[in-house]
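# Descriptive analysis of the structure
Given next are the chains, with one letter for each unit.
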Amino acid sequence: MNTLDIDAVASFLRTAELKSFTRAAEALGTTQSLVSTRVKRLEDGLGRLLLQRHPQLVRLTAEGERSLPAARDLLAAHGKALAAFAVAPEHIAVGISEQAVGAEVRAGAPDGA
């Protein structure tokens, strides 16, 4: 596996933290089946079982436990990268004297302008 799917890593991390695919899905705003599919795809890509699935409980395997810090670091770095690339809206203010444009423009200006 050359790349990691951020959504799959987020699904794994939330499932591990909440010990439930259903609660992880609720927290992520998606469905339980999608969270389960993402985690399974991540496990298949890594060739490692990260979570033990039981009818009423989900537990980390030893591999899953070792992977948690890296998953947290990856998601934190991803969040930082998104923030760094976010484009802040630009605001431009133009100042023109009333003598240059006439009194009609002043009538449409907001109060205090």
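Below or above, wherever it landed, is the structure these notes cover. (Residues numbered from 1 in each chain as written. Predicted model: local features only at pLDDT ≥ 70, side-chain atom pairs only at ≥ 80, totals over all residues. Heavy atoms only, no water.)

### Observations concerning the overall build of the protein
When helices and strands are tallied, the protein shows six helices and two strands. The secondary structure elements of the protein, listed N-terminal to C-terminal, are α-α-α-β-β-α-α-α. The burial tally for the protein puts 21% of its 113 residues in the buried class. Residue pairs at least 24 apart in sequence account for 49% of intrachain contacts in the protein once pairs closer than 6 positions are excluded. Here the protein has roughly 8,100 Å² of accessible surface; of this, 55% comes from carbon and sulfur atoms. (Helix = DSSP H or I, 4+ residues; strand = E, 2+ residues; numbered from the N terminus. Buried < 20%, exposed > 50% of the residue type's maximum accessible area, 1.4 Å probe, protein only. Contact = heavy atoms within 4.5 Å. Areas by Shrake-Rupley, 256 points an atom, 1.4 Å probe, with all protein chains shown as cover.)

### With respect to unusual backbone geometry
Positive phi is not limited to glycine here, since Lys 19 has a value of about 55°. Turning to its location among the elements, Lys 19 is positioned in the loop between helix H1 (6-18) and helix H2 (21-28). We classify Lys 19 as partly exposed; its relative accessible area is 44%.

### Quick notes on the pattern of salt bridges
Two side chains that carry opposite charge are able to pair once their charged atoms sit near each other. Taken as a whole and judged by the stated rule, the model has seven salt bridges. Linking Asp 5 and Arg 41 is a salt bridge whose minimum nitrogen-to-oxygen distance equals 3.6 Å. Of this pair, Asp 5 sits in the segment before H1 while Arg 41 sits in helix H3 (residues 32-46); the two residues are 36 residues apart in sequence, bridging distant segments of the chain. Note on Arg 41: relative accessible area 43%, which makes it partly exposed. In this structure, Asp 44 engages Lys 40 in a salt bridge whose closest nitrogen and oxygen atoms are separated by 3.1 Å. A residue pair is termed a helical-turn pair when its members lie 3 or 4 positions apart in one helix, as Asp 44 and Lys 40 do in helix H3 at four residues. Owing to a relative accessible area of 43%, Lys 40 belongs among the partly exposed residues under this scheme. Within this structure, Arg 14, Glu 17 and Arg 72 form a network of salt bridges that share partners. (Salt bridge = Lys/Arg side-chain N within 4 Å of Asp/Glu carboxyl O.)

### Comments concerning a nonpolar patch on the surface
Where nonpolar side chains cluster on the molecular surface, the patch consists of Ile 92, Val 94, Ile 96 and Val 101 and spans about 430 Å² of accessible area. On the accessibility criterion, Ile 96 (55% relative accessible area) is exposed. (Patch = residues over 30% accessible without salt bridge, like charges linked within 9 Å, V, L, I, M, F, W, Y side chains within 5 Å.)

### Concerning the packing of H1 against H2
Between H1 and H2, the least distance of the axes is 8 Å, while the angle of their chain directions is 125°. Relative to H2, H1 is oriented oblique. Considering the relative orientation of H1 and H2, their crossing is right-handed. Within the contact between the two elements, H1 uses Ala 10, Ser 11, Arg 14, Thr 15 and Leu 18 and H2 uses Phe 21, Arg 23, Ala 24, Ala 27 and Leu 28. In terms of residue class, the contact of H1 with H2 is made up of six nonpolar, two polar and two charged. (Axes fitted to C-alpha atoms, helices over the stretch in contact; angles between N-to-C directions. Parallel < 35°, antiparallel > 145°, perpendicular 65-115°, else oblique. Left-handed = near helix turned anticlockwise from the far one by under 90°. Nonpolar A, V, L, I, M, F, W, Y, C, P; charged D, E, K, R; others polar.)

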